[in-house]
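For reference, the chains in residue letters:
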Protein chains: 4
Amino acid sequence: MQKINVGMIGYGFMGRTHSNAFSQVNHFFDIPYRPVLKTVCARNRDRAGAFAARWGYETVETDWRAVVESPEIDLVDIASPNDTHAEIAIAAAQAGKMVMCEKPLGRSAAESETIVRAVEAAKVPNMVWYNYRRVPAVTLAKQWIDEGRLGKIFHYRAKFLQDWTISSDLPQGGEGLWRLDINVAGSGVTGDLLAHCIDTALWLNGGIAEVSAMTETFIKSRKHNLTGKVEPVGIDDASAFLARFRNGSLATFEATRYARGHKALYTFEINGEHASIFWDLHDLHRLQYFDHRDEGATRGWRSIHITDSDHPYMKNWWVPGLQIGYEHTFIHQVADFIEGLKSGKPAAPTFRDGLATDEVTDAVLRSAKSGQWERPGG
Amino acid sequence: MQKINVGMIGYGFMGRTHSNAFSQVNHFFDIPYRPVLKTVCARNRDRAGAFAARWGYETVETDWRAVVESPEIDLVDIASPNDTHAEIAIAAAQAGKMVMCEKPLGRSAAESETIVRAVEAAKVPNMVWYNYRRVPAVTLAKQWIDEGRLGKIFHYRAKFLQDWTISSDLPQGGEGLWRLDINVAGSGVTGDLLAHCIDTALWLNGGIAEVSAMTETFIKSRKHNLTGKVEPVGIDDASAFLARFRNGSLATFEATRYARGHKALYTFEINGEHASIFWDLHDLHRLQYFDHRDEGATRGWRSIHITDSDHPYMKNWWVPGLQIGYEHTFIHQVADFIEGLKSGKPAAPTFRDGLATDEVTDAVLRSAKSGQWERPGG
Amino acid sequence: MQKINVGMIGYGFMGRTHSNAFSQVNHFFDIPYRPVLKTVCARNRDRAGAFAARWGYETVETDWRAVVESPEIDLVDIASPNDTHAEIAIAAAQAGKMVMCEKPLGRSAAESETIVRAVEAAKVPNMVWYNYRRVPAVTLAKQWIDEGRLGKIFHYRAKFLQDWTISSDLPQGGEGLWRLDINVAGSGVTGDLLAHCIDTALWLNGGIAEVSAMTETFIKSRKHNLTGKVEPVGIDDASAFLARFRNGSLATFEATRYARGHKALYTFEINGEHASIFWDLHDLHRLQYFDHRDEGATRGWRSIHITDSDHPYMKNWWVPGLQIGYEHTFIHQVADFIEGLKSGKPAAPTFRDGLATDEVTDAVLRSAKSGQWERPGG
Amino acid sequence: MQKINVGMIGYGFMGRTHSNAFSQVNHFFDIPYRPVLKTVCARNRDRAGAFAARWGYETVETDWRAVVESPEIDLVDIASPNDTHAEIAIAAAQAGKMVMCEKPLGRSAAESETIVRAVEAAKVPNMVWYNYRRVPAVTLAKQWIDEGRLGKIFHYRAKFLQDWTISSDLPQGGEGLWRLDINVAGSGVTGDLLAHCIDTALWLNGGIAEVSAMTETFIKSRKHNLTGKVEPVGIDDASAFLARFRNGSLATFEATRYARGHKALYTFEINGEHASIFWDLHDLHRLQYFDHRDEGATRGWRSIHITDSDHPYMKNWWVPGLQIGYEHTFIHQVADFIEGLKSGKPAAPTFRDGLATDEVTDAVLRSAKSGQWERPGG
């Protein structure tokens, strides 16, 4: 089987999920290529070395340029903080490498656009890691919507709730906390959590015409881990918006890190003329489904345990009743990316799809400032 | 509209639920008779008087014989402790009164049989207050089973879990606590909670062929409120049994007052060839339903909110989405009893149906002693 | 016990819930007055007569003025469509009657203000039937918030979802459908469903500073039952808004009649620094509660079955584990109203409280038109 | 890091879960040894070869004796059908190999005893793959019970429900269906599903004193895939029993393959004096917990999302809120096995622990025949 040599930039949380995906995909999917964990790159050589030892990377680099330029590398995977995405992705594209990039693509739509231009000019395969599209329940929702099961869509409702930054003692910036640093992250929950909600929504329900948003920073200043000083917090702690989709449906979106009791509660609900769907990341192996066409007295919300062999991806795993978890979504993404290489039909979300999400997050942030309805990309 | 004058014996928890049922039924059901709260009877005249004032009873008695013998009374309703049922019911029947009786009918099948003989000899309408049959979700389950929706039944599973007697400080006997007194109650959870499970099961799934049971009294002695002394506890605190139904299905039944965290968790599940049903008293307005004939990938347990107008009894209440509660089951029972008077087709459960349940509880208690499988009524 | 003679205007869905409340309250609550169902008023004498017979009203009127002017009436209860509220309420106040009024108080804040002025000038006891405050779980939430259990509030989230007007065949206007007639109802879901959400929110979380809203009418024209012609639909089918509360918390609100699968799914969630609360009308006897102060590994959302005697109102009902339903909220409201008469501390929500809600709904409708953030009462 | 060369016998469902566990364990756990997938053995060389290619086994064998005798193999893992366990395990022990064996250990307690004697005589590390002990929620339950959080235990309730053999068209025996062949499997659901329930129960709640059981074979004859003939079915399709634990608690156990709507619904509930616990394999990342010591009005069942870093095993996985699935339990088991090698304190369940479960399943099958209460090992 032909190999794809992977150069991994970053070794944090996402470095782990991606490495696991590349390691596991051939154990469960019959796909035409085998990813090989070739090189991992991090500024700190010791940490990179420890990560390489754990995951079986063959070599270690401390400068990402060496990875991008290496003739042994086929695919550059960017799992480093947001402020590094553009430079690395553009260089990798120019070097003719396949590129995969953690979300969000750039820290703004403008930045993302430079990346998209680069990969499209270079004609290299590219993909953003919006992994939640490949939760089997979410993929199934997409299939049902495309089949027309729901009929005309009236409502879309999404939220992503966490509670990990409520304490005012939590510093901002630095390792493990760069998501709180506006310069590195680009925004707070809008680009982090809402971006997931938006990517899924654009995929399931089409384009968003306009948004009205509000954001809030509950804790106005925090100690910065890199400077050691208390500094103003630049990111948004919470972000919510109303939206009108191009298909005429109405939507509410919300993300926050101040929802006590929720760790990663990403939920969405879609109400159509004939049927409705609800999904929840905290029980990701279930899809809630209501079909008005059921016989009257028997109508109810079905809690579908998405573990059967006729559910997306599930014939590759265990037996009915036995659930998979979070990391499997990344494995599915690699499997589909590789299938796309073979078939010539690129797997989504491409960088261009990632840009579409960034245009919405930009509009959200603009609207929160202007107090006006704003149009994505407008 | 023709009146039915009710003589109520007892003023406790069940006196309240029954009085409420008689008061409310004509507000919600178009039925051919109107129950009138004529007389309430209790040994303590003050308490009876207060109860009468609250509910609008016209008169008060302290001797149940006066009620039974009164020419003004059409229907004697027995809501007093178990040890009073037989004597009052038999006298009422002999006096030609309609008789309604709290469950269990007697303290043993033998006692119940004397009551059945009396009402059948007197040919008076009679009914036992096994109210859970008339939770709309349970009634709907019965309809679906009778229609054959579930197909051949393989399994029946019921339990009734409470936790109110765990403390060893709780006395036995006397007001509010007679259910812990073996002489008054006849048994512990077997005749109290399991009897509900059995009544529903016999109705939904037919006769029980044989049982193997175990019982336990966790607290062996308690202070008796009437004697003031610590006395051995005669009742069973917990009771469980295996059963084979005549239709070939297997069952497990359990009741206890030692299940921490459950107040009145009566649940049953029925697994059939084609479909399964689950119900739970703690959310009594829901019926869980799984239908294997649904299209494969969409199969799931439906949580049906039993508030639509095509659900049993519900067109008489509010609008879809708005739930009813516990006391409504008693109102439904009165409505059906009165319909049965008019139609000549007596509403179940009659006293004979109540006896069938007592034969099972007797077999359970026998089996718990003998360590053998026992046959109800055998 | 002193009587309060009730004159009921209207005999529809709300006429039933109110009549039931007045009938039942003394059976379950020890309160110093006894409401008497004196007169029911409806334009159609036959229907009024049938209603009176069912509920035990002593007399029937066809002109509400006769009720308002009758010296026998102590309390006028307005359960007729929204366009009648102001005229009747003002007249009743001027006649010195106590006044209770279905929600929303008026069809606009301006209309409501005339009503408030009248009752305050006349100094008559007054109350709006925002019944959901008195679901025991909701009342308990209020107590906990007032005790400071949740700490600083960050987020409020409410929605009220129905699906009963999706069909384009449904006519507007006329009996049973006046909620679809803009002239009678004043607005669509905003004044109907959102008003409930807003009343609860103002009570639990204080005043709303500003809102940004959108509304939609999915079906643009429907046959009007009174004219027989197809006419433009004036009401909003769906309405959603972002809000900032005065306490600094952020909120999303949404109501619709186009959410397939939901009959009356009113839910709210409140996220505080220390604890969070979630409630759902479809399982109204449960309160979900998360307390961050619990020991780490044991933290979880508690599903509290609100049936214990230390839960609000519940010692007046049955025993732990046995749930009550929708109609009980009205009974609780009457009980509290009567307690307020005795204590001299008027039970909320008074008409002035109802006006506060109408000021928010007005701001919502204004914002939906202007595309701007709007301030209630501003 | 020192290697442990694994010789895998079998390549079916369990061959996959075990191979995955050995592959993944060092990616997530810092343990002192690294398992190496050395050899896989299956009678069909092509299949073994395909399996080896997929998982990276270095060599392939078709005779398990070659694996057992190979000096390169440190650990023999038995993932082949039940009728092969004893012979292979005994030979492996005699060859001085570490032995891991799929459950149940033998087809009867007598067979298991011969295995136990062999490993204990050889003093080789040994473990049975009762994987559900290492679902983090289940491990947490064990910790809490051992800490005394629950207090005295009154009740244990377990069931394992499936529905995959309801069709009478399903053949028995042969590849993928050997679980229906009495000669290969030893029993039906008793040794397959109930054994899981019993292993967990013995671990959590101690020994079982006596049982009363019933079993049923709903489909009496099926085509046998190996003979091509319709033959009597020897296995039990359903099995249920009552039990008394040595600690005085009462239990009900049930397993079936005829519970329509359930794929692998293994649940258990434990009721103690102070607290109760409920767990469900269909949502294996949640633990339900009720603590009576909570403040009265706030008591409720907590749904604990077992994804925090202070939950067992979870600091090795992702971040709070992100769930793991079924296969992770096997990874945990390998991690603990290896820790046990290092520490010298063997990880449970050892083969002797597996024998204890088989003694209970034997007693269950005996009781189902005798109609008497039977004592495990008695």
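Rules behind the numbers
- Residues numbered from 1 in each chain as written.
- Chains lettered and ligands numbered in written order.
- Predicted model: local features only at pLDDT ≥ 70, side-chain atom pairs only at ≥ 80, totals over all residues.
- Heavy atoms only, no water.
- Helix = DSSP H or I, 4+ residues; strand = E, 2+ residues; numbered from the N terminus.
- Rg over C-alpha atoms; globule rule 2.2 N^0.38 Å.
- Contact = heavy atoms within 4.5 Å.
- Areas by Shrake-Rupley, 256 points an atom, 1.4 Å probe, with all protein chains shown as cover.
- Lys, Arg positive; Asp, Glu negative; His and termini not counted.
- Charge placed at Lys NZ, Arg CZ, Asp CG, Glu CD.
- Buried area = accessible area lost by both parts, 1.4 Å probe.
- Salt bridge = Lys/Arg side-chain N within 4 Å of Asp/Glu carboxyl O.
- Nonpolar A, V, L, I, M, F, W, Y, C, P; charged D, E, K, R; others polar.
- Least-squares fit on C-alpha atoms with pLDDT ≥ 70 in both.
- Polar contact = N/O pair within 3.5 Å; in protein donor to acceptor, adjacent residues only side chain to side chain.
- Phe/Tyr/Trp six-rings, centres within 6.5 Å; stacked < 30°, edge-to-face > 60°.
- Buried < 20%, exposed > 50% of the residue type's maximum accessible area, 1.4 Å probe, protein only.
- Pairing = 2+ DSSP bridges.
- Axes fitted to C-alpha atoms, helices over the stretch in contact; angles between N-to-C directions.
- Bend = angle between axes of the 7 residues up to and from the residue.
- Right-handed = clockwise from strand over helix to strand, strands pointing away.

Participant: Could you give an account of the overall build of chain A, naming the residues involved and the relevant values?
Facilitator: Counting its regular elements, chain A contains ten helices and 16 strands. In terms of overall dimensions, chain A is globule-like: its C-alpha atoms have a radius of gyration of 21 Å, near the 21 Å expected for 378 residues. For chain A, the spread of C-alpha atoms along the three principal axes comes to 65 × 55 × 40 Å. Residue pairs at least 24 apart in sequence account for 68% of intrachain contacts in chain A once pairs closer than 6 positions are excluded. Accessible surface computed for chain A: about 12400 Å², of which carbon and sulfur atoms make up 48%. Between the mean site of the 42 positive side-chain charges and the mean site of the 46 negative ones, chain A shows a separation of 0 Å.

Participant: Pulling in residues and values, what's your account of the interface of chain A and chain C?
Facilitator: Counting from both sides, the interface comprises 42 residues of chain A and, opposite them, 42 residues of chain C. Approximately 3500 Å² of surface area, both sides summed, lies buried where chain A meets chain C, with 59% of it carried by carbon and sulfur atoms. Run the count over chain A and chain C and you get four salt bridges. Taking the shortest distance from any N to any O, the salt bridge between Arg244(C) and Glu216(A) comes out at 2.8 Å. Looking at side-chain class alone, the side of chain A that touches chain C contains 19 nonpolar, 15 polar and eight charged residues.

Participant: A description of the relation of the copies chain C and chain D should follow, citing residues and the corresponding values.
Facilitator: If you rotate chain C by 180° and push it 0.0 Å along the axis, it lands on chain D with an RMSD of 0.0 Å. On this basis, the relationship between the two copies can be described by a two-fold rotation axis. Taking the C-alpha atom as reference, chain C places Arg302(C) closest to the rotation axis, 2.0 Å from it. Mapped onto chain D, 100% of the interface residues of chain C again fall at the interface, so both copies present the same surface.

Participant: Account for the interface of chain C and chain D, with residues named and values stated.
Facilitator: Between chain C and chain D, the residue contacts involve 17 residues of the former and 17 residues of the latter. With both chains or domains summed, chain C and chain D bury close to 1300 Å², and 42% of this area falls on carbon and sulfur atoms. Looking only at chain C, the three residues that lose the most surface to chain D are Ala297(C), Thr298(C) and Arg302(C), adding up to 41% of its buried area. There are four salt bridges connecting chain C and chain D. The closest approach of N and O atoms between Arg149(D) and Glu295(C), which form a salt bridge, is 2.7 Å. The interface formed by chain C and chain D holds ten residue pairs in polar contact (both at pLDDT 80 or more) in total. Only α6 (136–147) and β16 (301–305) of chain C provide two or more residues apiece to the side of chain C that touches chain D.

Participant: I'd like a description of the packing of aromatic side chains, backed by residues and values.
Facilitator: This model, assessed by the stated rule, comprises 132 aromatic pairs over all chains. Their ring planes at 45° and their centres at 5.7 Å tell us that Tyr156(C) and Phe245(C) sit as a pair that is tilted. Placement of the pair is Tyr156(C) in strand β7 (residues 153–161) and Phe245(C) in strand β11 (residues 238–245), with a sequence separation of 89 residues. Judged by relative accessible area, Tyr156(C) falls into the buried class, the value being 0%. The exposure class assigned to Phe245(C) is buried, which follows from its relative accessible area of 3%. Ring geometry for Phe22(D) versus Trp129(D): centroids 6.1 Å apart, planes at 85°, classification edge-to-face. In this pair, Phe22(D) sits in helix α1 (residues 13–28) while Trp129(D) sits in the loop between β6 (126–128) and α6 (136–147), placing the two residues 107 residues apart along the sequence. Assessed through its relative accessible area of 0%, Trp129(D) is described here as buried.

Participant: Talk me through the relation of the copies chain A and chain C; I want residue IDs and the actual numbers.
Facilitator: Take chain A, turn it by 180°, move it 0.0 Å along the axis, and it overlays chain C with an RMSD of 0.0 Å. Most of the interface of chain A is mirrored in chain C: 100% of its interface residues are interface residues there too.

Participant: Could you give me a rundown of the environment of Gly191(B), with the residues and numbers involved?
Facilitator: All names here are of chain B. Residue placement: Gly-191 occurs in helix α8 (residues 189–205). Put simply, Gly-191 and Met-8 are 183 residues apart on the chain and 22 Å apart in space, counted from C-alpha to C-alpha. Residues contacting Gly-191, with those up to four places away along its chain left out, are Lys-103 and Pro-104.

Participant: Describe the environment of Lys3(B), naming the residues involved and giving the relevant values.
Facilitator: All names here are of chain B. Among the structural elements, Lys-3 can be located in strand β1 (residues 2–9). With a relative accessible area of 53%, Lys-3 lands in the exposed category. Put simply, Lys-3 and Pro-35 are 32 residues apart on the chain and 5.6 Å apart in space, counted from C-alpha to C-alpha. Contact partners of Lys-3, with chain neighbours within four places excluded, come to Arg-34, Val-36 and Asp-74.

Participant: How would you explain the sheet that holds strand β6 (residues 126–128) of chain B if you had to name every residue and give the values?
Facilitator: Residue and element names in this part refer to chain B. Spatial ordering of the open sheet is given by β3-β2-β1-β4-β5-β6, a layout of six strands whose pairing is parallel. At either margin of the open sheet sits one strand with a lone partner, and together these are β3 (59–61) and β6. Averaged over all pairs of adjacent strands, the angle between their axes in this sheet comes to 25°, without regard to strand direction. In terms of strand pairing, β1 meets strand β4 (residues 75–78) through four bridges, oriented parallel. Note that in β4 the partner of Ile-9 across the bridge is Ile-78.

Participant: Now, about helix α8 (residues 189–205) of chain D: what can you tell me, with residues and values included?
Facilitator: Note: α-helices contain 3.6 residues per turn, so residues at a spacing of three or four share the same orientation. Of all the bends in α8(D), the greatest, near 45°, is centred on Ala195(D). In terms of residue burial, α8(D) counts as a mostly covered element, since 16 of its 17 residues are buried.

Participant: Tell me about the pairing of strand β1 (residues 2–9) of chain C, and please be specific about residues and values.
Facilitator: All names here are of chain C. With six of eight residues buried, β1 lies mostly within the body of the structure. Bridge analysis of β1 against strand β2 (residues 33–41) gives eight bridges, and the strand direction is parallel. By the bridge assignment for β2, Lys-3 is matched with Arg-34. Handedness of the β-α-β unit built from β1, helix α1 (residues 13–28) and β2 comes out right-handed.

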